[in-house]
Amino acid sequence: MEEKKIEIKMKRKWGMAIDLDKCTGCGKCSVACNQENNMPIFEDDSDVPKRVAFLELMKVTNDKNAKFPDVKTAYLPKMCMQCEGNDSGKHKADPPCVSVCPAVATDVGDDGVVSQIWSRCIGCRYCQAACPYEARVFNWWKPEYEGSFKKSLNTDVSVASRGTIVKCTFCSHIWKRERDAATAKGILDINAVMYTPACAAICPTGAIVFGDLNDHESEVSKLTTSNRAMRLTNSIDDIKDPEKKKALLNKKQFANPKVYYLTSQSWLRDMMRFKKNS
Amino acid sequence: MGRSLLLFFTPFIIFTWIFFGISQKGCDSVMQADAAKQLPFNHQSHVEKYGTEDCQTCHGYEENGRFKGTPSVGDCTSCHARDAVLNSNDPLEPKRKPMLDSFKDTDRPWGSFAKQPDLVYFSHKVVMTAKYEDGRLKSRCGSCHGDKALSTDTKMLKGKMLMGQCMDCHTALKLSNKCAVCHD
Amino acid sequence: MKKIERKDFLKLGGGAVLGGLSGWVFSGAPFLGFQWLAEWTQDQYVPVKGFEKYVQAVSDSCPAGCKVSVRMIGERAVKIESKDGVCPACHNALQLTYHPERISTPLKRKGDKGDGKFVPVTWEEAIKEISSKMNSLITEGKANSIAAINKNESLNGQLMEKFIKAAGSNNVYYEPSLKSLTSSALGGYINYDFANTDYVLSFGAKLVEGWGSSADMQKVFTQWKSKGTKIVQADTVCSMTASLASEWVPVKPGTEAVLAFGIANYLITGKRLNSTGEEFGKWSQLIINKFPLAKVASYTGVSEERIKQIGDEFSKAKNPVAVSGKGAHGVNASSAEIIAVYCLNTLVKSRAASLMTNSSVSYKGEFAGLDSFIKDGNFSMLFLNNSDPVYKSVLGEELKKKMEKAFVVSINPIMNDSANYADIILPSLSFLESETPENKTVVSNFKESKDAKDIIIALSKSIDKTKDAFSFTNGIDSFKVTGKETASGAKFSFNVDKIKNDIDALDKKFAANAEYPLFMIPVEAPLVGDGDGLAFPYVLKSIDPTVFYKGKLLVQINRETGKKYGLSENESIVIRSTRGKLDKVYVHLTDTVAPDTVAMPLGFGHESYTVYGSKKGVNPKKIMAADVDPLTGTADWWSTRVKIS
């Protein structure tokens with residue numbers, strides 16, 4: 001029997017597109033993420049900077065620049081943007097967090113997902129300071145799961161210890177789970193394995209779309225190339241002149257995230273650029 | 001000079017031996033290598049007598065590709081039936097094992113000593129099905145577990161498997177060694 | 001033999017020490033030691049492993065009957081997934097199932113009511129105590145002093161209604177919901193055909209934030225987006241619905257009903273449209289005389305032209321629908337408003353809104369609704385079926401006082417503010433533990449807790465009069481008898497005589513008031529809703545810092561208003577209404593709320609709702625308006641006149 005050549009080289013580059021015009025702020029993504037990733041439980045989680053959650057349901061408004069009733073509100077599900085960085089000549093293409101980690105606890109995987117290995121983390125929090133999106137959280141306390149809450153813990157995600165950084169990894173354990181199942185069915189090609197992270201799977205309005213950015217036919221790459229797409233505070237996106245863009249890319253490092261936000265609302269676009277209302 | 005050497009090496013060798021013995025005993029007990037087994041098992045006889053060469057006969061997979069690990073007593077009684085004969089002249093006929101009587105079919109009276117730590121997502125299925133282009137398997141059970149086919153007891157392998165061992169294989173086979181390949 | 005000199009002794013000793021060291025090193029002990037040390041410092045908890053499987057389940061505790069797929073590891077449920085959408089309560093069911101404060105056995109009160117001291121008793125003892133009390137009430141001829149408050153009209157609510165009615169009492173009430181309120185106001189709840197509508201006019205209904213059947217509404221919203229349905233939202237705060245709508249009509253706080261009158265007025269006088277509802281003539285005369293467009297414009301802050309424009313668009317659309325019931329999980333109870341908005345539907349002969357009834361749910365007892373029952377009713381025995389009226393009703397304090405004199409039985413899986421005042425607490429299940437005809441249970445019952453359906457059936461069997469109320473002995477059979485939903489043929493009535501006073505009172509409500517110059521209106525945070533979500537720690541993780549931050553509950557106030565009262569961000573204020581005061585609230589200045597409005601988050605300030613839900617912020621219901629609506633029997637608490645200092 002002739003076997004197809006088995007592909008072991010990862011060709012996928014996972015990315016996400018979040019349609020803010022479709023997001024109703026229902027918060028299902030947040031609960032699903034917490035459940036999937038064994039988020040620690042605290043009696044009072046209202047101290048937001050110290051809150052351990054991979055997905056933050058950010059409420060944003062333009063009330064700083066607009067007066068009632070010209071205001072707008074939106075919810076912005078914000079997780080790790082899985083930055084790629086750019087190759088600026090002097091530096092190798094690395095996300096801001098990876099280049100500062102002294103312990104090689106965080107790295108970019110073959111599929112573009114920025115990993116964070118808590119057991120290797122020494123808790124210096126350089127990466128947290130370097131992250132432009134505040135996507136990394138520090139376990140100030142030991143993650144505890146009071147009494148019977150332990151029973152709802154997912155076995156695929158290890159419980160981190162105190163004093164380490166954790167963050168969203170696009171639920172990459174689900175990919176491993178899917179790959180297991182595919183291998184059991186005889187599918188050995190790792191590029192044939194697709195998956196959906198918890199937040200995208202539960203989203204009731206289909207606002208969160210996840211997929212392969214390298215596959216130009218995938219829904220996510222079509223969305224990310226649309227006019228409505230933009231990335232959070234990645235100023236290089238605004239430069240339309242290709243020459244100027246190239247020059248800048250050679251000179252400076254950009255985060256280059258793989259999470260795209262889609263919106264047709266100009267205030268949201270401006271806000272994501274930290275621009276005043278135009 | 002000779003006397004000096006003798007004076008030094010006699011206690012050296014004696015103490016090396018004593019401390020080696022004590023420490024290893026200590027290590028074994030920490031790693032529970034000597035923990036009492038509820039059920040003895042002879043890998044060698046099963047492989048030789050019954051030709052169960054394929055480890056998967058007992059150490060199989062779930063439908064979703066998860067490794068079952070140690071078998072359950074139900075797997076034993078599927079051959080050593082609970083109502084089979086106790087003694088028989090036919091060496092190939094599986095006999096009833098009275099020691100299984102006190103266990104339920106779902107019991108797994110063996111400790112697993114080769115568990116990966118929780119922060120590793122290790123898939124036996126993926127590793128065991130990986131093939132070279134000419135169809136040879138990239139790894140065998142023995143690559144990590146040692147030659148269990150000749151063992152006559154359920155004793156574990158000495159020493160822990162370290163990440164380096166995984167990485168060596170991955171490097172040799174030109175597989176990705178990125179953190180997230182195994183860790184989550 | 002030479003004597004062993006000091007030098008030789010050192011050699012011997014050195015050999016021994018080095019030998020010991022090398023033996024220790026070669027045994028691998030140091031390496032194992034380091035590994036152990038590393039693992040010890042990590043102090044890791046490893047969840048119990050097991051075989052992974054997915055179990056399908058249908059919720060029997062929410063009226064929508066969410067269909068979920070539960071990921072299991074061995075016997076543990078670890079994740080709730082759903083392709084069809086799931087309501088927040090069902091999504092949180094996993095945290096309810098494994099809540100550390102689940103009630104494990106039947107409890108009997110010890111000490112005073114409200115102290116929260118209970119002792120475990122057996123099921124037999126608990127049922128015996130309830131049945132002897134209930135039997136004696138029935139034989140004394142006081143059957144009507146037995147009452148029940150259901151959380152919703154799910155199957156166990158229907159069984160409770162049947163049980164109480166069989167005992168000879170008419171007093172079965174439901175926590176106010178969109179269904180119960182519209183049923184009471186219109187004679188049937190509204191079945192919206194949102195899929196085929198092309199123009200949605202919403203009067204403050206937070207359509208995508210939990211209103212109605214929240215899982216279905218999310219799907220409806222995506223359909224609207226793809227079809228380009230026009231959504232017009234009248235709202236006082238820039239809610240998500242207002243922000244996502246095609247048009248937002250900002251109205252002054254609490255004036256949605258007046259806007260509906262204005263549009264109705266324009267459609268009746270300007271477009272000559274007629275409604276088929278009973279007493280339409282009388283109602284239209286009242287509205288036309290009392291609410292000329294100029295007055296509506298001044299009350300609502302919406303210009304006359306805008307009202308006319310909305311009226312034109314609404315009447316010209318192919319299949320328009322007007323949606324009442326402002327709010328998300330907590331819904332406004334004004335029947336005058338519900339009727340006015342439904343009138344708009346009948347004026348344009350909307351095909352997207354029709355009235356339905358459910359044969360086994362009445363929503364009405366001796367009194368028109370829950371709040372009128374709390375205010376005027378008397379009971380000597382009260383069943384609480386997973387409901388929390390002490391927290392949710394604006395008359396919670398009065399209910400507490402009445403509960404102190406009565407024998408109260410509470411059926412719920414975790415403690416809440418109302419169960420704290422119960423004499424007997426019977427532990428019930430989360431939907432993952434209860435069996436439905438389609439599914440076996442997902443996880444086994446928590447300790448001694450039982451299915452609420454089984455509890456109600458067991459109670460009815462233990463009481464002489466209700467022995468034969470149910471023809472079955474276990475909850476699983478009860479699925480056969482669930483009430484049929486039918487389209488109600490009856491025409492709706494404007495009930496002018498009953499609501500006239502409320503309409504008249506609007507003038508007074510919106511008149512300038514020097515003492516209480518501001519309006520307090522409720523807002524709801526995602527997942528927290530009107531309070532049910534707060535017991536679940538993963539809900540706490542989603543709360544935005546502009547709502548609740550570092551233990552402080554923030555109210556939203558317009559910047560201009562803030563300037564007028566000299567308020568600064570995060571400043572502590574006291575809110576006063578005629579009913580009392582709220583302190584320990586803090587200011588968040590934002591222009592997303594209308595001027596002269598205090599936008600107050602609902603759902604906080606529980607007294608005893610587990611360690612996660614209790615003592616966080618304040619419960620604004622305590623000072624909210626408590627005028628009971630004559631038709632819905634529920635307090636119209638939506639907008640309250642307040643002052644701040």
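Remember, predicted model here, so these are calculated numbers, not experimental data.

**What about the overall build of chain C?**
Line of reasoning, step 1. Counting its regular elements, chain C contains 22 helices and 24 strands.
Line of reasoning, step 2. Each of the three principal axes of chain C carries a C-alpha extent, and together these read 135 × 65 × 50 Å.
Line of reasoning, step 3. When burial is assessed residue by residue, chain C has 59% of its 645 residues classed as buried.
Line of reasoning, step 4. By sequence separation, contacts in chain C at least 24 residues apart represent 72% of the contacts at least 6 residues apart.

**Quick word on the overall build of chain A**
Line of reasoning, step 1. What chain A contains, in helices and strands, is eight helices and 10 strands.
Line of reasoning, step 2. Relative to a compact globule of 278 residues, whose C-alpha radius of gyration would be 19 Å, chain A shows 20 Å and is just as compact.
Line of reasoning, step 3. With the principal axes as the frame, chain A shows a C-alpha extent of 60 × 55 × 40 Å.
Line of reasoning, step 4. Every one of the 278 residues in chain A was classed for burial, and the buried ones make up 53%.

**Considering the interface of chain C and chain A**
Line of reasoning, step 1. Each partner contributes residues to the interface: chain C has 59 residues there, and chain A has 54 residues.
Line of reasoning, step 2. Elements that contribute at least two residues to the side of chain C that touches chain A include exactly β3 (76-81), α8 (214-227), α9 (240-244), β11 (247-250), α20 (537-540), β19 (548-549) and α22 (610-613) of chain C.
Line of reasoning, step 3. Here the side of chain C that touches chain A is built from residues that sort into 30 nonpolar, 17 polar and 12 charged.

**Topic: helix α11 (residues 280-290) of chain C**
Residue and element names in this part refer to chain C.
Line of reasoning, step 1. Burial in α11 covers these residues: Phe280, Trp283, Ser284 and Ile287. Down the axis of α11, the smallest arc covering the buried residues is 95 degrees, so these residues share one side. Exposed side of α11, more than 90 degrees from the buried face: Gln285 and Asn289 are the residues found there.

**Things to note about unusual backbone geometry**
Line of reasoning, step 1. A:Pro69 follows A:Phe68 through a cis peptide bond whose omega is 0 degrees.
Line of reasoning, step 2. Its location among the elements puts A:Pro69 in the loop between β2 (56-61) and β3 (73-78).
Line of reasoning, step 3. In this structure, C:Lys550 takes a positive phi of about 50 degrees despite not being glycine.
Line of reasoning, step 4. With respect to the helices and strands, the residue C:Lys550 is situated in the loop between β19 and β20 (552-557).
Line of reasoning, step 5. In the Ramachandran plot, C:Asn570 falls in the positive-phi region, its phi being about 70 degrees despite a non-glycine side chain.
Line of reasoning, step 6. Position of C:Asn570 relative to the elements: it lies in the loop between α21 (559-564) and β21 (572-577).

**Let's talk about the nonpolar core**
Line of reasoning, step 1. Membership of the largest hydrophobic core comes to 279 residues, with the highest contact counts inside it found for C:Ala264 and C:Val598.
Line of reasoning, step 2. The element contributing the most residues to this core is helix α10 (residues 256-270) of chain C, with 10 residues.
Line of reasoning, step 3. Not counting residues within four places of it along the chain, the set of residues in contact with C:Ala264 comprises C:Ile287, C:Ala340, C:Cys343, C:Leu344 and C:Leu347.
Line of reasoning, step 4. One finds B:Phe8, B:Phe20, B:Cys27 and C:Trp24 within the second-largest nonpolar core, a separate group that totals nine residues.

**Concerning the environment of B:Leu5**
Line of reasoning, step 1. Relative to the helices and strands, B:Leu5 is located in helix α1 (residues 2-30).
Line of reasoning, step 2. On a C-alpha basis, the gap between B:Leu5 and B:Asp75 in space is 59 Å, while along the polypeptide they are 70 residues apart.

**So, the packing of helix α7 (residues 178-186) of chain C against helix α14 (residues 335-347) of chain C**
Residues and elements named next belong to chain C.
Line of reasoning, step 1. Two elements in contact, α7 and α14, have axes whose closest approach is 9 Å; the angle formed by their N-to-C orientations is 75 degrees. Relative to α14, the element α7 is oriented roughly perpendicular. The segment α7 lies against α14, with Leu181, Thr182, Ala185 and Leu186 engaging Ser335, Ile338, Ile339 and Tyr342.
Line of reasoning, step 2. Along the lines of polarity and charge, the residues of the contact of α7 with α14 split into six nonpolar, two polar and no charged.

**Considering the sheet that holds strand β2 (residues 67-73) of chain C**
All names here are of chain C.
Line of reasoning, step 1. Strand order in the open sheet made by the three strands is β1-β2-β3, with antiparallel pairing throughout. At either margin of the open sheet sits one strand with a lone partner, and together these are β1 (52-58) and β3. Each neighbouring strand pair of the sheet contributes to a mean axis angle of 30 degrees, computed without reference to strand direction.
Line of reasoning, step 2. By the bridge criterion, seven bridges tie β1 to β2 in an arrangement that is antiparallel.

**So, the sheet that holds strand β9 (residues 199-203) of chain C**
All names here are of chain C.
Line of reasoning, step 1. Strand order in the open sheet formed by four strands is β11-β10-β9-β12, with parallel pairing between adjacent strands. Unpaired on one side and paired on the other, β11 and β12 (320-323) mark the two borders of the sheet. For this sheet, the mean angle separating the axes of adjacent strands, direction not counted, is 15 degrees.
Line of reasoning, step 2. Note: strand β10 (residues 230-235) against β11, four bridges, orientation parallel.

**Considering the environment of C:Glu366**
Residue and element names in this part refer to chain C.
Line of reasoning, step 1. You can see Glu366 is positioned in the loop between β13 (353-358) and α15 (370-376).
Line of reasoning, step 2. For Glu366 and Ile288, which are 78 residues apart along the polypeptide, the C-alpha to C-alpha distance reads 34 Å.
Line of reasoning, step 3. Residues in contact with Glu366, not counting those within four places in the same chain, are Asn170, Asn171 and Gly377.

**Notes on the environment of A:His216**
Line of reasoning, step 1. Among the secondary structure elements, A:His216 is positioned in the loop between β8 (208-212) and α6 (219-224).
Line of reasoning, step 2. By the C-beta count within 10 Å, which is 9 here, A:His216 ends up exposed.

**Examining α14(C)**
Residue and element names in this part refer to chain C.
Line of reasoning, step 1. For α14, which comprises 13 residues, the first-to-last C-alpha distance of 18 Å matches the rise-based estimate of 18 Å (1.5 Å per residue) to within 8%.
Line of reasoning, step 2. Along α14, 13 of the 13 residues are buried, which leaves the element largely enclosed by surrounding structure.
Line of reasoning, step 3. Lys349 sits one or two positions beyond α14 and adopts a positive phi of about 55 degrees.

Each value, and the rule that gives it
- Residues numbered from 1 in each chain as written.
- Chains lettered and ligands numbered in written order.
- Predicted model: local features only at pLDDT ≥ 70, side-chain atom pairs only at ≥ 80, totals over all residues.
- Helix = DSSP H or I, 4+ residues; strand = E, 2+ residues; numbered from the N terminus.
- Buried ≥ 20, exposed ≤ 12 C-beta atoms within 10 Å, placed from the backbone.
- Contact = placed C-beta atoms within 7 Å.
- Rg over C-alpha atoms; globule rule 2.2 N^0.38 Å.
- Nonpolar A, V, L, I, M, F, W, Y, C, P; charged D, E, K, R; others polar.
- Arc of directions from axis to C-beta.
- Core = buried A, V, L, I, M, F, W, Y, C linked by C-beta atoms within 7 Å.
- Axes fitted to C-alpha atoms, helices over the stretch in contact; angles between N-to-C directions.
- Parallel < 35°, antiparallel > 145°, perpendicular 65-115°, else oblique.
- Pairing = 2+ DSSP bridges.
- Expected span 1.5 Å × (residues − 1).

It is worth stressing that arrangement in space is one thing and function is another; only the former is reported here.
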